[in-house]
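# Residue-level structure breakdown
Here is how the chains run, residue by residue.
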Amino acid sequence: MSTAILQQLHQEVKRLYIAGSELASGDLRLKRQLPELRKLGGKSAVFGRLADSVEGLTQPDAKGTKSAAEKQQELALLLTSVLRTMGTATPTGVLKPLTQSDAFDCAVSTTEQNTIGSAEQPITAAIAGSEDAPEQTDASASSKRNQPSAGLYSYRELAPVMTALSTSGGGRYDVVKQAYDAGLFQDIRLLESAVRAMDDSFHDIANLAAEHIVPSYGERVLPLLLPSFNPLGKRADARKIRAIAAAGGDKVNELLLQTADNGSNDVRVEAIRAMAGRDMYMDRLVEWTTDKLKPIRMAAYEALAGSQSDSALDLLMEGIVGKDHYDIATIMKRCRNAELDNRIILALQQLLQQVPERKKDTQWLTEQKYALDSYLEALWKKPIPELCDVYDDVLQHADLFKRLKWLDKLLDYASRNLAALRSNRALELLFRIEELFHPSIPYAFQTAVRLLPPDALYEHYANRITQEWESLKPARKKERVEKVFEAMSGVISEMFKAYQNGREGVLPQVNDSDIAFDEENEDRHDFSSVKFQVNMAKHWDERWLDLAIDYDKYDYIMSCLARPGHERCQEYISEMVKSKSYEKGEYSHLTLEYLFDGMNRAGMDLQLKWDTIMEMIEGAGRSARDYGFDDGLVEDHFYHLPMSYKPRIEAMLPKFKYYGKTQLEEIIEAMEKNSQSALQTNAVM
């Protein structure tokens with residue numbers, strides 16, 4: 001007699017044990033088993049009893065005599081008895097108590113023999129006989145929140161992650177990343193899904209699984225990885241060897257070596273990279289740095305970059321001025337090796353100190369320019385105090401380096417290094433640099449914000465703008481002033497984001513994304529919701545407001561610093577609103593929103609704001625009538641129109657179409673809700 005129907009039913013019962021018995025009522029997958037069970041019930045009574053149990057489980061019990069859990073347990077006991085009698089479900093081996101470790105060691109059995117190159121042994125033989133690896137590898141130690149355990153989360157919590165890892169489409173990476181950050185991968189029910197994710201078509205998910213999720217399980221994930229690993233495979237298997245190396249520790253050393261020797265190029269590269277820190281393979285890594293294939297050479301250099309060995313560091317210092325200098329410098333840039341950094345700084349310092357003596361040796365200067373570029377790239381944005389001495393020497397010979405056309409690059413890299421340091425000496429050097437190299441102004445400004453009191457910050461830059469830069473040509477002064485206010489806008493935006501994240505007054509470390517403020521791409525909701533909660537007077541000298549108005553392009557700063565009683569600010573906002581037309585494109589929706597926010601912060605009469613909004617609606621061109629106004633502008637300001645404007649908006653409804661008409665209807669609805677809320681508040685008071 002076929003047992004397929006029993007095995008299918010067994011799987012469905014197991015599924016409900018995970019999902020919960022209460023979900024059995026009306027379960028379609030269980031109901032699909034009934035016709036076949038009834039048919040078999042005509043030949044054997046036990047199948048009829050199974051059908052009755054399934055039917056009872058899937059239908060609500062009107063009398064309520066038994067709970068869903070009790071009915072499921074009865075079905076499971078009957079089904080297990082049938083399967084054991086038929087000899088298909090009896091476990092083999094000696095029964096013993098099940099521990100958490102035993103539950104986790106769920107090896108995947110396979111008869112398929114994988115080989116490495118021409119070797120005929122199974123891939124698992126590569127780790128046979130080696131010493132046991134530590135219980136917790138470095139990879140798993142770095143993610144203690146994902147230590148494996150069973151049953152920590154409900155199936156409802158795990159289901160979205162399982163779906164994200166077994167389907168395609170957008171938004172899946174965020175689901176998986178959030179689950180990893182929240183520790184959901186502690187639950188071993190996600191283990192097999194995590195392993196399969198290394199083959200995901202979306203590379204970000206596959207890399208996250210290979211680099212973090214799978215290694216977090218430690219060496220006990222190896223039985224799931226090894227049988228399916230193909231050393232002659234492509235990117236998916238390259239990710240697998242990366243995860244195997246991270247999870248297996250020293251236990252997989254021989255496997256790494258065999259793969260690095262005989263695997264496909266993609267897999268070889270990852271195997272060689274994974275040898276970082278495995279000093280027993282130092283000679284082989286050195287050998288691979290001369291390989292004819294560039295990816296192999298770079299993988300070897302990357303593995304050597306974390307070494308403290310003198311021979312490895314010597315090789316890297318030779319490579320950084322060789323034919324692969326730029327690629328090796330890029331590797332060093334990502335590496336955090338203090339001894340290697342010190343060597344690079346010493347080499348950079350020695351090179352720069354020779355320049356005054358050999359300034360007329362054109363050939364030498366040309367050759368050393370490549371070395372200079374490599375050293376600077378390798379030290380990119382690294383906060384190393386010893387670099388202050390190097391850049392101090394550069395400033396003392398600024399005229400010479402300017403003639404050689406080296407100065408701009410030196411100061412550009414110096415700005416990033418010094419800003420990352422956030423020290424008083426670094427700030428002093430940045431102030432000197434911004435006199436010679438205006439692109440460094442944002443780095444100096446943001447460092448000054450973190451180190452100087454508000455009045456000292458203002459006085460430094462006000463003196464620059466109103467006095468020191470006055471002698472410059474108008475265009476050169478303008479670009480410097482713009483750099484100051486762009487940097488200030490970026491800092492203010494970061495302040496609002498920090499406040500929103502519960503870190504009021506805390507500014508993040510300087511990075512390139514903080515430097516420039518792109519008015520058109522700034523997410524208004526990063527500041528609108530918290531703008532009036534941040535105490536701007538605490539962070540900024542009040543004299544900035546007048547300076548911002550003097551340079552009236554900076555509506556964002558003016559809007560954030562506006563304050564009640566500042567007549568010049570109120571007049572400026574009124575004049576800006578009255579004198580320019582939104583419909584004619586004389587200012588953007590974002591500029592208008594800044595002005596409206598400024599009116600609120602300055603405590604101005606909002607009648608001008610409401611009249612302006614109505615003028616926009618009643619004077620709207622065809623584009624606005626069909627496609628509406630900016631959503632953020634509408635939500636933040638149009639929705640708050642007083643009810644007295646409702647008849648005028650209703651009169652405009654027939655003239656609007658498509659989304660424009662929908663917006664007007666939403667504005668009317670919001671006005672009515674606001675009015676009703678105000679009435680209820682007044683009634684309570």
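These lines cover the structure that appears in this document, whether it is placed above or below.

About the thresholds
- Residues numbered from 1 in each chain as written.
- Predicted model: local features only at pLDDT ≥ 70, side-chain atom pairs only at ≥ 80, totals over all residues.
- Heavy atoms only, no water.
- Core = buried A, V, L, I, M, F, W, Y, C linked by side-chain atoms within 4.5 Å.
- Buried < 20%, exposed > 50% of the residue type's maximum accessible area, 1.4 Å probe, protein only.
- Helix = DSSP H or I, 4+ residues; strand = E, 2+ residues; numbered from the N terminus.
- Contact = heavy atoms within 4.5 Å.
- Phe/Tyr/Trp six-rings, centres within 6.5 Å; stacked < 30°, edge-to-face > 60°.
- Axes fitted to C-alpha atoms, helices over the stretch in contact; angles between N-to-C directions.
- Left-handed = near helix turned anticlockwise from the far one by under 90°.
- Nonpolar A, V, L, I, M, F, W, Y, C, P; charged D, E, K, R; others polar.

## Quick notes on the nonpolar core
Residues Phe185, Leu418, Phe445, Trp540, Trp544 and Ile617 are the most contacted members of the largest nonpolar core, which totals 182 residues. For this core, the element with the most residues is helix 28 (residues 474-500), which contributes 9 residues. In this view, tryptophan 540 contacts Phe445, Val449, Pro454, Leu457, Met488, Val491, Ile492, Met495 and Leu561; residues no more than four positions away in its chain are not counted. Listed in part, the 21 residues of the second largest apolar core include Ile5, Leu34, Leu40 and Leu78.

## Some remarks on the packing of aromatic side chains
Within the structure shown, the criterion is met by 13 aromatic pairs. Measuring from ring centre to ring centre gives 6.3 Å for phenylalanine 431 and tyrosine 461, while their planes differ by 75 degrees; the resulting arrangement is edge-to-face. With phenylalanine 431 in helix 25 (residues 424-436) and tyrosine 461 in helix 27 (residues 454-466), the pair connects residues that are 30 residues apart, well separated along the chain. Of the residues examined, tyrosine 461 reaches a relative accessible area of 0% and is grouped as buried. Measuring from centroid to centroid gives 6.0 Å for phenylalanine 485 and tyrosine 551, while their planes differ by 40 degrees, and the two rings are tilted. Of this pair, phenylalanine 485 sits in helix 28 while tyrosine 551 sits in the loop between helix 31 (543-550) and helix 32 (555-561), and the two are 66 residues apart along the sequence. Residue tyrosine 551 is classed as partly exposed on the basis of its relative accessible area, which comes to 24%.

## Things to note about the packing of helix 22 (residues 387-396) against helix 24 (residues 407-421)
The contact between helix 22 and helix 24 brings their axes to 11 Å, and the two run at 145 degrees. When the axes of helix 22 and helix 24 are compared, the crossing they make is left-handed. Here Leu387, Cys388, Tyr391, Val394 and Leu395 of helix 22 come into contact with helix 24, specifically with Leu407, Leu410, Leu411, Tyr413, Ala414, Asn417, Leu418 and Leu421. Partitioning the contact of helix 22 with helix 24 into residue classes produces 12 nonpolar, 1 polar and no charged.

## Examining the environment of histidine 438
Note on placement: histidine 438 falls in the loop between helix 25 and helix 26 (441-451). Sequence separation of histidine 438 and leucine 411 is 27 residues, and the distance between their C-alpha atoms is 9.9 Å. Discounting chain neighbours no more than four positions away, the residues touching histidine 438 are Glu479, Arg480 and Lys483.

Geometry only, nothing functional implied.
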